[in-house]
Amino acid sequence: MNSRLAGILIASALVAVFPASAADLPAARLIVKPLLCVVDRDTPGCSMTFNIRWKSEAAAEYCLNDSAQKAPLRCWPSVSSGTHTEKRDVTEAFIYWLGAPDGTQRVAEIKIEVLRLDSADRRRERRNRHVWDVL
Amino acid sequence: MLASYMRTSRNVLKIAALWAVATLAHGQETAPGAEGVATGPTAAPIAMPPAPERHWRLGAAFGYGERSNPLIQSEDIPVIVDLDVAWFGKRWFFDNGDIGYTMFDGPRSTTSMVARLNSDRIFFGKTDTRYVNLTYVSGSPSAPAPPLLAPVEVEPPDRDYAIELGVESLLDGEWGAATLRAFHDVSGTHGGYELSAYYSRRFTAGRMSLEPTLGVSYKSAQLNDYYWGVHANEASAALPEYHAGAGFNFEGGLVANYYISRHLRLALSVNYERLADDIADSPLSEDDYVMAYFSGLAWTF
């Protein structure tokens, strides 16, 4: 009983000392374009320029990350919106995400998709000649 | 025939123009589909391994297209929906009605045994019975010839589907892709065979892909005669007996796709096939070509 009471007191004290923890990061809206990279046998990757914008409900410290690396791409101080432009070569799908500087929380994320037109199984690219097969 | 060809060409041009406008309007940088918006906390995994290819390939295209019908007294075949249902296993596969078993799969080619239905039969599905007046050949062009007989019923004959079994090799490389096929009737319908070769190459730039195709097929006399000959028991004054010989069909086509998203694309397809002389000269043929086109939205699941 005493230990339970002590736990509650310690927790209350921590909340009082750290009122703006990462869990309180305001929700945000993340906009990225373009979203799709189309690759083929002759074009194994896409050279893309990403325009990234975000806006949150309240000012806070946010960092923009991508799933391909651990370090943030860019961090902003206590602001409620931001923009970022990035040029990169894309060969695999990845995620842009916006979150706390310590990486513990994501408030928004966008997946950049890669569509492969060629296939390792060339039977998937066969065309038949039935009348309804027009594509 | 010319009017029909012109009408088809105009329709193709209209659809191509609409498709081009739609493509331009959907610029890669500005279109709604090209922009991602996300809000709220999420907890998706960071790792993004490429998804393995699934056994099933399912898709549907909705739009409008037509395949002209060279058979007399027949209607062109409208194409409103194009379904794509295919399954690929290690050896066996099913591809929109074709059933195959892969015997060899190497770095440059894949060879399979394939069973399929003959494609000529489809033209005999939408026929009308009409009545024609037969006339003497007049010696004077200014004097119309009197009717010889009462109107004669002309009905395109029925033809059956043939099950064909054959070998198909798919080859590809930096030069493009080729398909070689040899099929023989195994259902006892026409007893003939078909040899064909196709070449295609896909060009991809941004979200657009263009794939021109050239092809040639050789159809045996038995095959052509079964579908396009007028057999003795079918012959009449209006439909004289005719025996079709072997011959080559030539075709060219273009498939264009503009990918709006991973699953959705604008699709345009045009195909022209020049029929062999022995088919075109048949009393059952009113055209010496088959023209097909389609434009619409295609969804791949």
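Conventions and cut-offs
- Residues numbered from 1 in each chain as written.
- Chains lettered and ligands numbered in written order.
- Predicted model: local features only at pLDDT ≥ 70, side-chain atom pairs only at ≥ 80, totals over all residues.
- Helix = DSSP H or I, 4+ residues; strand = E, 2+ residues; numbered from the N terminus.
- Buried ≥ 20, exposed ≤ 12 C-beta atoms within 10 Å, placed from the backbone.
- Core = buried A, V, L, I, M, F, W, Y, C linked by C-beta atoms within 7 Å.
- Contact = placed C-beta atoms within 7 Å.
- pLDDT = per-residue confidence, 0-100.
- Pairing = 2+ DSSP bridges.

Draft legend 1. Layout of the overall build of chain B. Helices and strands together make up the secondary structure of chain B, namely three helices and 16 strands. Evaluated residue by residue, chain B yields a buried proportion of 31% over its 301 residues.

Draft legend 2. View of the environment of Asn96(B). On the secondary structure map, Asn96(B) appears in the loop between strand S4 (92-95) and strand S5 (98-105). By the C-beta count within 10 Å, which is 17 here, Asn96(B) ends up partly exposed.

Draft legend 3. A look at unusual backbone geometry. Following Lys33(A), the chain continues into Pro34(A) via a peptide bond in cis, with omega recorded as 0°. By secondary structure assignment, the location of Pro34(A) is in the loop between strand S1 (28-33) and strand S2 (36-39). Positive phi, normally seen in glycine, also occurs at Gln73(B), with a value near 50°. Note that Gln73(B) resides in the loop between strand S2 (56-67) and strand S3 (77-88). Here the phi dihedral of Asn96(B) falls at roughly 50°; this positive angle occurs in a residue that is not glycine.

Draft legend 4. Structural context of the nonpolar core. Counting residues in hydrophobic clusters, the biggest one holds 55 residues, and the most contacted among them are Ala28(A), Leu30(A), Trp54(A), Tyr96(A), Leu98(A) and Ala108(A). If you tally residues by element for this core, the top one is strand S16 (residues 289-300) of chain B, at six residues. When near neighbours in sequence (up to four residues on either side) are disregarded, Leu98(A) contacts Ala28(A), Leu30(A), Trp54(A), Tyr62(A), Leu64(A), Arg106(A), Val107(A) and Ala108(A).

Draft legend 5. Focus on the confidence of the model for chain B. All names here are of chain B. Mean pLDDT over chain B works out to 82, with 74% of the residues at or above the 70 mark. Contacts for the low-pLDDT stretch residues 1-9, under 50 throughout, to residues beyond four places or in other chains number seven contacts. The model gives residues 40-47 a pLDDT under 50, and that stretch makes 14 contacts with residues more than four places away or in other chains.

Draft legend 6. The pairing of strand S15 (residues 264-274) of chain B, seen in detail. All names here are of chain B. The buried fraction of S15 is high, at eight of eleven residues. The sheet contact formed by strand S14 (residues 247-259) and S15 spans ten bridges and is antiparallel. Looking at S15, one finds that leucine 254 is bridged to valine 270. Where S14 folds back on S15, the antiparallel hairpin that results is connected by four residues. With eleven bridges joining them, S15 and S16 adopt antiparallel strand pairing. The residue bridging leucine 268 from the neighbouring strand is serine 295, located in S16.

Draft legend 7. Representation of the confidence of the model for chain A within the structure. Residue and element names in this part refer to chain A. This prediction gives chain A a mean pLDDT of 83; 77% of its residues lie at or above 70. Looking over chain A, one finds the lowest element-wise mean pLDDT in helix H1 (residues 2-17), namely 47, and the highest in S2, namely 97. Below pLDDT 50 for its whole length, residues 9-22 participates in four contacts with residues either more than four positions away or in separate chains.

Draft legend 8. Structural context of the environment of Gly173(B). Position of Gly173(B) relative to the elements: it lies in strand S9 (residues 163-173). Between the C-alpha atoms of Gly173(B) and Leu254(B), which are 81 residues apart in sequence, the distance is 19 Å.

Draft legend 9. Examining the pairing of strand S5 (residues 94-99) of chain A more closely. Residue and element names in this part refer to chain A. Among the six residues that make up S5, six are buried, leaving the element largely enclosed by the rest of the structure. Side chains Phe94, Tyr96 and Leu98 of S5 all project onto a buried face; the interleaved residues Ile95, Trp97 and Gly99 project onto the opposite face, where all are buried too. Pairing of strand S3 (residues 46-66) with S5, which is carried by four bridges, proceeds in the antiparallel orientation. Counted as the bridge partner of leucine 64 is leucine 98 from S5.

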